[in-house]
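Structural characterization, general
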Amino acid sequence: MEHKLALIPGDGIGPEIVREARKVLDRVCEKYGHTFTYTELLLGGASIDANGVPLTEETVALAKESEAVLMGSIGGDAATSPWYKLEPSKRPEAGLLGIRKALNLFANLRPAYLYKELKAACPLRDEIIGDGFDMMIMRELTGGLYFGERKTIEENGVKKAIDTLTYDENEIRRIAKRGFDIAMKRRKKVTSVDKANVLDSSRLWRKVVEEVAQEYPEVTLEHMLVDNCAMQLVKDPKQFDVILTENMFGDILSDEASMVTGSIGMLSSASLNETKFGLYEPSHGSAPDIAGQDKANPIATILSAAMMLRYSLDMDQEADAVEAAVSAVLEKGYRTGDIMSEGCTLVGTAQMGDLIAAEI
Ligand code: NAD
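Predicted model, so just to flag it, every value in this text is computed and none were measured.

Some points on the overall build of the chain
When helices and strands are tallied, the chain shows 12 helices and 14 strands. In terms of C-alpha radius of gyration, the chain reaches 21 Å, essentially the compact-globule figure of 21 Å for 360 residues. By principal-axis analysis of the C-alpha atoms, the chain measures approximately 60 × 50 × 45 Å. Counting all 360 residues of the chain, 52% fall into the buried class. Summing over all exposed atoms, the chain offers an accessible surface of approximately 15900 Å²; the carbon and sulfur share of this is 51%.

Shown next, in the form of structure tokens:
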């Protein structure tokens, strides 16, 4: 079957890591008899250079015509790149925020998975790590405190800043459904994180999540207060499968969860809308310091491509094969510089892509 995909190579190491992910996807097509057609789109600095703006209507329209978008990363070195002499709304990052908004991507997924071969990079003690952990943080991305009304006023000579945290039940329901759908593809447990002992928005969150849970009798639901969750992530990360939470809590907890896995070059992510469509990208930036040197770790992008197979194309078997190939290559001791340790074999970006593709 033919699938239409869009690729955004982007800036810095973006083109190198997307090239390797495409290599792996091509191998998946060969092995499983699929045909993927790719449209390359410009975003960020690459779009500024070609079109004078970080995002064009053409890029949005072509992304919408695709089943999913796989992105490298965008942006340059803020100290030296001419892109950062432009006003903020014309800089590379504005393109990224613009495309997320245009595609209505309200659900952000960030897995935190510890490969046993990379245990040494995990800052937690061995007895806490055990056999490793495998969780998925599902963060609401377009509501809450970051999108509420805000202002700074002065009252009787005293400055006062106000930010508002708003959620309506529809916003909560759609992200909760997404969270339970993802849990159905995993170990069928959802931990909904809130601050329901204090916040009204959290009390509504909890009520709606409980309603949605009725539609998923196979999934176990638990509620956890955000302060407790921050502790539990470092005390016993193994207990988590899907963590479902609002925008700001998710922002903080997903960074905490990714740090306990240790390596930035390994972390994938997805942003989804109400349909099967998603934008898939590594959690790291464009690493201009190592761009064009065959040093970048392509694994986060390759694992993002695996998420794309699983969540946008419903190709679970193919996604499993890509993830297993990454594990196999790590098991054989191949490492890019960022995850290198004694006794392993150092490889470049292109060779890492070749090795993973060959394992499929
Ligand atoms: P960064 O993630 O690009 O780099 C931080 C450090 O990690 C650097 O030393 C880099 O060499 C290293 N690193 C990152 N990814 C790596 C990989 N795959 N393999 C090996 N090493 C890797 O963060 P930064 O330096 O703060 O930002 C650089 C640019 O990226 C900025 O313009 C920033 O705005 C942009 N950025 C983009 C995104 C995105 O596209 N979603 C996200 C974050 C940052």
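Quick notes on the nonpolar core
Membership of the largest hydrophobic core comes to 64 residues, with the highest contact counts inside it found for F36, L109, F180, L244, Y280, L309 and I356. In terms of residue count, the dominant contributor to this core is helix α10 (residues 299-311) (nine residues). In this structure I356 touches V24, I299, I302, A325, V326 and V329, once residues within four positions along its chain are discounted. By size, the runner-up hydrophobic cluster in this structure holds 20 residues, among which are V193, C229, L253 and V260.

Description of the side chain of E140
Mapped onto the elements, E140 comes out in strand β5 (residues 134-140). An unpaired buried charge is present at E140: no salt bridge exists, and R174, the closest side chain of opposite charge, is 4.2 Å distant. One polar contact links the side chain of E140 to the main-chain amide nitrogen of T142, over a distance of 3.1 Å. Reaching out from E140, the side chain makes a polar contact with the side chain of Y167 at a distance of 2.9 Å. Excluding its chain neighbours within four sequence positions, the residues that come into contact with E140 are F106, Y167, R174, I175, W205, T245, E246 and N247.

Description of the site of the ligand
Neighbouring the ligand are 21 residues, the closest being G76, E93, G285, A287 and N297. One of the backbone N or O atoms of I74 is found 3.0 Å from an oxygen atom in the ligand. S286 is positioned with one of its backbone polar atoms (N or O) 3.0 Å from an oxygen atom of the ligand. Here the ligand has 810 Å² of accessible area as a free molecule, and 68% of this is covered by the chains. When contributions to the shell around the ligand are tallied by element, the ones reaching two or more residues are β3 (68-73) and α4 (92-102). Split by residue class, the shell around the ligand holds 10 nonpolar, seven polar and four charged.

Details of the packing of helix α1 (residues 14-32) against helix α11 (residues 316-331)
Put simply, α1 and α11 touch, their axes get as near as 11 Å, and they point 130 degrees apart. With respect to each other, α1 and α11 are oriented oblique. Crossing handedness for the pair α1 and α11: right-handed. Contacts from V24, V28 and Y32 in α1 reach Q317, E318, A321 and V322 in α11.

Focus: unusual backbone geometry
In this structure, A287 takes a positive phi of about 40 degrees despite not being glycine. Checked against the element boundaries, A287 lands in the loop between β12 (278-282) and α10. Classification of A287 by relative accessible area gives partly exposed; the value is 22%. Although it is not a glycine, D294 sits at a positive phi angle of roughly 60 degrees.

Some details on α10
Helix length check: α10 (13 residues) gives 18 Å between terminal C-alpha atoms against 18 Å at 1.5 Å per residue, within 8%. Across the 13 residues of α10, 13 count as buried, placing the element largely inside the fold.

A closer look at the packing of α1 against helix α12 (residues 349-359)
The contact between α1 and α12 brings their axes to 9 Å, and the two run at 15 degrees. Compared by their axis directions, α1 and α12 come out roughly parallel. Judged by the twist between their axes, the crossing of α1 over α12 is right-handed. Together, E16, R19, E20, K23, V24 and R27 of α1 and T349, A350, G353, D354, I356 and A357 of α12 make up the contact between the two elements. By residue class, the composition of the contact of α1 with α12 is four nonpolar, two polar and six charged.

Section: the pairing of strand β2 (residues 35-40)
Pairing of strand β1 (residues 2-10) with β2 involves six bridges; the strand directions are parallel. Each residue of the ladder has a partner; that of H3, found in β2, is F36.

Section: the layout of surface pockets
By volume, the largest pocket is sized at about 480 Å³. Looking at the lining of the largest pocket, the elements with two or more residues in it are β4 (107-113), β5, α10 and α11. For the lining of the largest pocket, the leading source of residues is α10, giving four residues.

Quick word on the sheet that holds β4
Taking strand neighbours across the sheet as the criterion, the 10 strands line up as β2-β1-β3-β12-β11-β4-β5-β10-β8-β9 in an open arrangement whose pairing is mixed. The sheet terminates laterally at β2 and β9 (220-225), the two strands that pair on one side only. Averaged over neighbouring strand pairs, the angle between their axes works out to 25 degrees when direction is ignored. Direction of pairing for β5 relative to strand β10 (residues 242-245): parallel, over a ladder of four bridges. From the neighbouring strand, I137 faces β10, where its bridge partner is I243. Across the sheet, helix α8 (residues 226-235) lies against β5, β8 (189-194), β9 and β10, angled at about 105 degrees from β9, the strand it touches most.

Criteria and cut-off values
- Residues numbered from 1 in each chain as written.
- Predicted model: local features only at pLDDT ≥ 70, side-chain atom pairs only at ≥ 80, totals over all residues.
- Heavy atoms only, no water.
- Helix = DSSP H or I, 4+ residues; strand = E, 2+ residues; numbered from the N terminus.
- Rg over C-alpha atoms; globule rule 2.2 N^0.38 Å.
- Buried < 20%, exposed > 50% of the residue type's maximum accessible area, 1.4 Å probe, protein only.
- Areas by Shrake-Rupley, 256 points an atom, 1.4 Å probe, with all protein chains shown as cover.
- Core = buried A, V, L, I, M, F, W, Y, C linked by side-chain atoms within 4.5 Å.
- Contact = heavy atoms within 4.5 Å.
- Lys, Arg positive; Asp, Glu negative; His and termini not counted.
- Salt bridge = Lys/Arg side-chain N within 4 Å of Asp/Glu carboxyl O.
- Polar contact = N/O pair within 3.5 Å; in protein donor to acceptor, adjacent residues only side chain to side chain.
- Near = heavy atom within 4 Å.
- Nonpolar A, V, L, I, M, F, W, Y, C, P; charged D, E, K, R; others polar.
- Axes fitted to C-alpha atoms, helices over the stretch in contact; angles between N-to-C directions.
- Parallel < 35°, antiparallel > 145°, perpendicular 65-115°, else oblique.
- Left-handed = near helix turned anticlockwise from the far one by under 90°.
- Expected span 1.5 Å × (residues − 1).
- Pairing = 2+ DSSP bridges.
- 1 Å grid on protein atoms, 1.4 Å probe; cavity = no way out; pocket = protein on both sides within 12 Å on 5 of 7 lines; lining within 4 Å.
- Points joined across faces, edges and corners; volume = space filled by probe spheres on them.

Taken by themselves, the reported measurements are silent on function.
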